[in-house]
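Residue strings, one per chain:
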Amino acid sequence: MTAIDGYELGLHELGDGCHAYLQPDGGWGWSNAGLVVGDGVSLLVDTLFDLHLTRRMLDSMASVTRTAPIGTLVNTHANGDHCYGNQLVDQAEIIATVATAHEMTEVPPAMLAALNGAPGEVGELFRAFFGAFDFADIDLKLPTRTFEKRLDLDIGGRAVELIEVGPAHTQGDTIVIVPDAKVAYTGDILFIGGTPIVWAGPLSNWVAACDLMLGMDVDTVVPGHGPITDKSGVAQVRDYLAFVESEATVRHDAGLDAWEAARDIAREIGEAPSFGAWGEFGRIAVNVETVYRSLDPGHTTPDVVEQFRRMARIEAGAS
Ligand SMILES: [Zn+2]
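Predicted, not measured: the structure shown is a model, and the values here were computed from it.

Is there a simple way to think about the overall build of the protein in this case?
Scanning the protein from terminus to terminus reveals 10 helices and 12 strands. The C-alpha atoms of the protein give a radius of gyration of 19 Å, which matches the 20 Å a tight globule of 319 residues would have. In terms of principal-axis extent, the alpha carbons of the protein reach across some 60 × 45 × 35 Å. Every one of the 319 residues in the protein was classed for burial, and the buried ones make up 55%. Considering only contacts in the protein between residues 6 or more positions apart, those separated by 24 or more positions represent 65%. Summed over its atoms, the accessible surface of the protein is roughly 12,500 Å², and 51% of this surface lies on carbon and sulfur atoms. Positive and negative side-chain charges of the protein, numbering 20 and 46 respectively, have mean locations separated by a distance of 1 Å.

Is there a simple way to think about helix 9 (residues 284-295) in this case?
Three- or four-residue spacings in an α-helix give side chains the same orientation, since the helix completes a turn every 3.6 residues. In this model, helix 9 (12 residues) spans 16 Å end to end at C-alpha, consistent with the 16 Å of a helix rising 1.5 Å per residue. Across the 12 residues of helix 9, nine count as buried, placing the element largely inside the fold. Along helix 9, the residues that are buried comprise I284, A285, V286, N287, V288, E289, T290, V291 and Y292. Buried residues along helix 9 sit against helix 6 (203-214), helix 7 (231-253), helix 8 (258-271) and helix 10 (304-315).

Thresholds applied
- Residues numbered from 1 in each chain as written.
- Predicted model: local features only at pLDDT ≥ 70, side-chain atom pairs only at ≥ 80, totals over all residues.
- Heavy atoms only, no water.
- Helix = DSSP H or I, 4+ residues; strand = E, 2+ residues; numbered from the N terminus.
- Rg over C-alpha atoms; globule rule 2.2 N^0.38 Å.
- Buried < 20%, exposed > 50% of the residue type's maximum accessible area, 1.4 Å probe, protein only.
- Contact = heavy atoms within 4.5 Å.
- Areas by Shrake-Rupley, 256 points an atom, 1.4 Å probe, with all protein chains shown as cover.
- Lys, Arg positive; Asp, Glu negative; His and termini not counted.
- Charge placed at Lys NZ, Arg CZ, Asp CG, Glu CD.
- Expected span 1.5 Å × (residues − 1).

Any link to function would need more than the numbers given here.
Rendered as structure tokens:
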């Protein structure tokens, strides 16, 4: 494996026909993608949040895809920053888990466009998260092939393994493994330098996904957001999730409500050397909600607007 250059926008060659497309700073919507090149054909891991970004990425891959066109697209999960550009690779077979394919129908691009364009406080809130993206003209192209648990692909003579590890970040997360290059593309099962957000959970599934990767023969790990890493990055995400699960459980058992618990844990994380420097630390609000739902199936999580409001409040220093 060749040395990996810095965390810069664009296509990065990992060696052995594997590439990563990185979009610093890895915050909200600034996702990564991957390209695996076989003999005369390629596999793309994820598209990006809008058509401009996806077009720019596909252009940067043109020198490779001219002789090895993208025949397969894998969507690691249903969040728009990993699939809203699908229509630009619609000649490819599009593969995702059954759960992801279903979830992709639940948050159409028009919904994000409407939230970004909403009047008053809601529009202001969403533009603070997603104002850099253009959700116009997106006609979301859904998967043409679905699977559950595991799918083994042959991409121009090389093996690529799709492994379903969700529900965790979303209802149907997939990791993509290229064994002959010892490369893993994790989708949002890894955020590096930013805080993981557990929309679906349970957290134990995500911890198990980290353990699975830690046991694999992989050297290079491309996260869904943030710089390229190795197993040490996997271990850090695992540690964060285990920390949140135990801290939230203690507070649940002591009778704190989820919002009180989230603010309390945010204060603790702010003082901790390990996770305190990570971006998007307000995501603890969503993560604690997810722990509370797994402890108490009757627990009701507030709507998505309120969840974004709470994340913004924590990052603005709410206590
Ligand atoms: Zn993402």
